[in-house]
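Secondary and tertiary structure notes
Next come the chains, spelled out residue by residue.
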Amino acid sequence: MRELMRLAPIALVLALTVCVPAAAELAVTALQITPRLDLRARAGNPTDEAARIQQLEASVVFSVTDGGSELATFAFQGNLETPMTGRARQMHFRNAYTVINLGIGKPKVKLGQFVLPFGTLAEYDTHNFALQTPYARTLGIRIDRGLELTGSMPELDYWLALMSGDGRGRHDDGYAAMARVAWDRDIGDDFLRTGVTALVGEQMPVFPTNPMAVPMGMDGMVTHADKWRAAIDLDWLHGIDNIRAEIVLGADDGDVVNGQWVYYNHPFSYERDLSLQADRWKQADGTSWGAGAQYHQRLDDLSGMRLSYEKRWAERASAMDATSDMWTLQYYRDWAWVPNL
């Protein structure tokens, strides 16, 4: 996969050579730089009380055009400060990819390091929230390196991806291949988006059953397994309420695994909303589940505060059962800089 990343500039040059007439003049457009500050104070068990910078980052996005149409979009995310380490950090930071536009009505090609298009991850970004979806248990990764083809047909959207299968690295020639389709329906005044994803992978990471939402300090305990996964997810806008859910079935080296996740968001106004979620995951060495709540207060269009609480449990076959609880008070601030080009 590292070789694939090294070939990215060559692939881009070839794509532009095919797509751009010889006389066309390339230009950079739509440049946007978006720094973000995320401060969090935490308390609970087994985590010590702490107040620190959770994320200090900057994202850069720009497009390359030939004067009449967009040829490619580039996205980079720089992490300036975070207490996360190891795999927990890798699952949250460093998007760096190119999206090549093959033409009107044709699919787009994404190449680089980006969020996997698996289930809820394709539709819902948990990067900036204290409450996380169960991707760490479902897949063991969130951001991976590889190639993605995405496009639309009259009644559905589709994704095809081939990834390294182990985040930023690759383990024993492993890989992850996945296909996803999603379609929309209007049900009276409601809107429902449903997705189906299938994944086959070899030598993908597996975290031992534990009560943490995103495992920290467990890199040395990670094992690798051949996986298959099938997932159904939905995003239901019911009136002003948003309901999301995901059901996953699969196997790790032949051992059956399964999990469920449900999320509910109710806005009281533009400034205030409440979110509730619950999840469960069962694998060979045990079962973990959790429930959480989050209150969000906007301070203005670019900043706000969230107060969240999550309680988690783990029943383990070869170790003592464990629990955890976490209170988090978050302040975030976004900036958007759009230079004149």
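Just so it is clear, the structure is predicted and the values come from calculations on it, not from any experiment.

Each helix and strand counted, the protein has four helices and 16 strands in total. In terms of overall size, the protein behaves like a compact globule, its C-alpha atoms giving a radius of gyration of 21 Å where 341 residues would be expected to give roughly 20 Å. Expressed as lengths along the three principal axes of its C-alpha atoms, the size of the protein is roughly 70 × 50 × 45 Å. Every one of the 341 residues in the protein was classed for burial, and the buried ones make up 47%. Counting contacts in the protein only where the partners sit at least 6 residues apart, residues at least 24 apart contribute 54% of the total. Accessible area for the protein stands at about 16,600 Å²; split by element, carbon and sulfur atoms hold 60% of it. Placing the 32 positive and 43 negative side-chain charges of the protein at their respective mean positions leaves the two points 3 Å apart.

Taken as a whole and judged by the stated rule, the model has nine aromatic pairs. Plain terms: the ring middles of Trp-261 and Tyr-263 are 6.0 Å apart, the flat faces sit at 20° to each other, and that makes the pair stacked. With a relative accessible area of 2%, Trp-261 lands in the buried category. Through a chain of ring-to-ring contacts, three or more aromatic side chains come together here, namely Tyr-124, Phe-129, Trp-261 and Tyr-263. We note Lys-110 situated over the ring of Phe-114; from NZ or CZ to the ring centre the distance is 4.9 Å. One cation-aromatic arrangement involves Arg-298 over Tyr-270; the distance from NZ or CZ to the ring centre is 4.6 Å.

Moving on: the pairing of strand β10 (residues 223-238). Summarising the sheet, strand β9 (residues 190-206) and β10 pair through 14 bridges and their orientation is antiparallel. In the sheet register, Met-204 faces β10, and the bridge partner there is Ala-225. Where β10 and strand β11 (residues 241-252) come together, twelve bridges link them in antiparallel fashion. Following the sheet pairing, Ala-231 is matched in β11 by Val-248. Connecting β10 to the antiparallel partner β11 that follows it, the hairpin turn spans two residues, and Gly-239 within it adopts a positive phi of roughly 65°.

Moving on, we come to the pairing of β9. Relative to β9, strand β8 (residues 175-187) runs antiparallel, the two being bridged by 13 bridges. Across the sheet, Ala-179 pairs through a bridge with Ala-198, a residue of β9. Counting the residues that bridge the hairpin from β8 to β9 gives two residues, and of these Gly-188 lies at a positive phi of roughly 60°.

With that out of the way, let us pick up a nonpolar patch on the surface. A cluster of nonpolar side chains, Phe-268, Leu-274, Leu-276, Tyr-295, Leu-299, Met-305, Leu-307, Trp-327 and Leu-329, forms an exposed patch at the surface whose accessible area comes to about 800 Å². When contributions to the nonpolar patch are tallied by element, the ones reaching two or more residues are β13 (272-283), β15 (303-316) and β16 (322-334). Inspection of the secondary structure puts Leu-307 in strand β15. Assessed through its relative accessible area of 42%, Leu-307 is described here as partly exposed.

Turning next to a negative patch on the surface. Together, Glu-202, Asp-226, Asp-253 and Asp-255 make up a region of like negative charge exposed at the surface. Among the secondary structure elements, Asp-253 is positioned in the loop between β11 and β12 (255-267).

Parameters and conventions
- Along each chain, residue indices are assigned from 1 in the same order as the chain's sequence is written.
- Owing to the predicted nature of the model, reporting of local features is limited to residues with pLDDT of at least 70; listing and counting of side-chain atom pairs is limited to 80 or more, with chain, interface and lining totals taken over all residues.
- With hydrogens and water excluded, all non-hydrogen atoms of the structure serve as input to the side-chain values.
- A run of DSSP states H or I qualifies as a helix once it reaches four residues; a run of E qualifies as a strand once it reaches two. Both are numbered from the N-terminal end.
- For this measure, only C-alpha atoms enter the radius of gyration; the expected value for a globule follows 2.2 Å times N^0.38, where N is the number of residues.
- Relative accessible area decides the class of each residue, using a 1.4 Å probe on protein chains only: under 20% of the type maximum gives buried, over 50% gives exposed, and in between gives partly exposed.
- Residues are treated as being in contact if the distance between any of their heavy atoms lies within 4.5 Å.
- Computed with a 1.4 Å probe, the accessible areas rest on the Shrake-Rupley method; for each residue, only the protein chains presented here act as cover.
- The positive count covers Lys and Arg only, the negative count covers Asp and Glu only, and His and the chain ends enter neither.
- Just so you know, the charge point we use is NZ for Lys, CZ for Arg, CG for Asp and CD for Glu.
- A pair of Phe, Tyr and Trp rings is counted when the ring centres sit within 6.5 Å of each other, with Trp represented by its six-membered ring. The angle between the planes then sorts it: under 30 degrees is stacked, over 60 is edge-to-face, the rest tilted.
- Note on criteria: charge over ring means Lys NZ or Arg CZ within 6 Å of the ring centre, with the direction from the centre no more than 35 degrees off the ring normal.
- A strand pair is defined by DSSP finding two or more bridges across the two strands.
- Every patch collects residues that have over 30% relative accessible area and no salt bridge, joining them within 9 Å if they carry like charges and within 5 Å if they are nonpolar side chains (Val, Leu, Ile, Met, Phe, Trp, Tyr).
- Every case where a carboxyl oxygen of Asp or Glu lies within 4 Å of a side-chain nitrogen of Lys or Arg is listed as a salt bridge.

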